[in-house]
Amino acid sequence: MTRFGYLCNMNMEEINNKRVAVLLSGGVDSSVVVYEFARIGLHPDCFYINIGPEEAEQWDCTAEEDLEMATAVARKYGCRLEVVDCHHEYWDQVTRYTMEKVKAGLTPNPDVMCNRLIKFGAFDEKCGHDYDLIATGHYAQTEWIDGQKWLTTSPDPVKDQTDFLAQIEPWQLRKALFPIGHYIKGEVREVAEREHLVNARRKDSQGICFLGKINYNDYIRRYLGEQSGKVVELETGKRIGEHRGLWFHTIGQRKGLGFGGGPWFVVKKDVERNILYVSHGYDPETAYKQEFPIHGFHFLTPPATDMAPEDSLPEDITFKIRHTPEYHRAKLLKDDEGRLLVKSEKPIHGVAPGQFCVVYDKEHHCCFGSGEITV
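Residues numbered from 1 in each chain as written. Predicted model: local features only at pLDDT ≥ 70, side-chain atom pairs only at ≥ 80, totals over all residues. Heavy atoms only, no water.

1. Re the pairing of strand S10 (residues 264–270)
Counted residue by residue, S10 has 6 buried out of 7 residues, so it is predominantly covered. The pairing of S10 with strand S11 (residues 275–280) spans 6 bridges and is classified as antiparallel. Bridged to Lys268 within S11 is Tyr277. Remark: 4 residues form the turn of the hairpin made by S10 and S11, two consecutive strands paired antiparallel; Asn274 in that turn has positive phi of roughly 55°. (Buried < 20%, exposed > 50% of the residue type's maximum accessible area, 1.4 Å probe, protein only. Helix = DSSP H or I, 4+ residues; strand = E, 2+ residues; numbered from the N terminus. Pairing = 2+ DSSP bridges.)

Spelled out as structure tokens, the structure:
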């Protein structure tokens, strides 16, 4: 079976006689989702989720253009389109999560929480509860194994988005449908070009979640302002400069520091003393870690056993700590305090507290879920 037979064959039983909602963002991926349904004679209801800021012109937001694109695609395939306002939920829940984490010196991921709290959360409360399945343009797949639904990876290692979905709730996964998850990005573009979709050549969004052109540091500055402090070389204790706020920097960061005599890597934050620690060199050893604990592991598919949930995880795993094509091999153990401990085969660059460590089986096919990295 080719990947192009996915919706017609593999998922027909799942969607048969089901009410399906499509989250249509105006981008090419979700637009091809609508096409995938239309080509088998289905015309699902489409929803555009509005989460943009109130002062759109100040943020240079693309929401108006996004909605125009979504409207054109829905009209092309005879689908109803409804705008769902989740502005307050996003700026209350996702923004609050982000600001609390960065203020504590941690490294959050707003995109991960947007999927859990907004796309499969607030939307479901407002409209999605009327539907059996919610289809999105994520590059991910699902499989039913021994009567349970699992999140599995996309064949496109660059675009795979299972890491962004690794905090959704089990009930949200059961409702999730990813009709283009079997494609690689180039194939999606080819479909869009062939079908003359209005956004076939539109660039992918690079902002936070789907907030258009919002710059991350501007987003942080808007809510936390600036707080100057010392920048210190970790190995020598020498002061080399001043930062404008720990929240503007991430562990492993090299670009955009602006300190002379570089290159410099951010390796540590002291929140209480407001000190940013850096190491000098092109590849300093202090920028790497080979083992680290994680807590609060979140299972996408709860284990169907009587044992403690965390004991059901295999010892041999692969993992990601950021959105990259690479999967790292590791052992998943428990430390003396009973915490889950990731022991990577190789040192990993830029391991930061607050990041999500996303855990997969050793073939990096099934995604078990994710836990938050601790110090």
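2. Considering the pattern of salt bridges
Summed over all chains, the structure comprises 24 salt bridges. A salt bridge links Asp29 to Lys185, with the nearest nitrogen and oxygen atoms 2.9 Å apart. With Asp29 in helix H3 (residues 28–38) and Lys185 in helix H10 (residues 185–194), this residue pair connects regions lying 156 residues apart in the sequence. Judged by relative accessible area, which is 11%, Lys185 ranks as buried. In this structure, the salt-bridge partner of Asp124 is Lys175, at a minimum N-O distance of 2.6 Å. Of this pair, Asp124 sits in helix H7 (residues 110–126) while Lys175 sits in helix H9 (residues 170–175), and the two are 51 residues apart along the sequence. As far as burial versus exposure is concerned, Asp124 and Lys175 are alike and both buried. Within this structure, Arg19, Asp45, Arg80 and Glu82 form a network of salt bridges that share partners. (Salt bridge = Lys/Arg side-chain N within 4 Å of Asp/Glu carboxyl O.)

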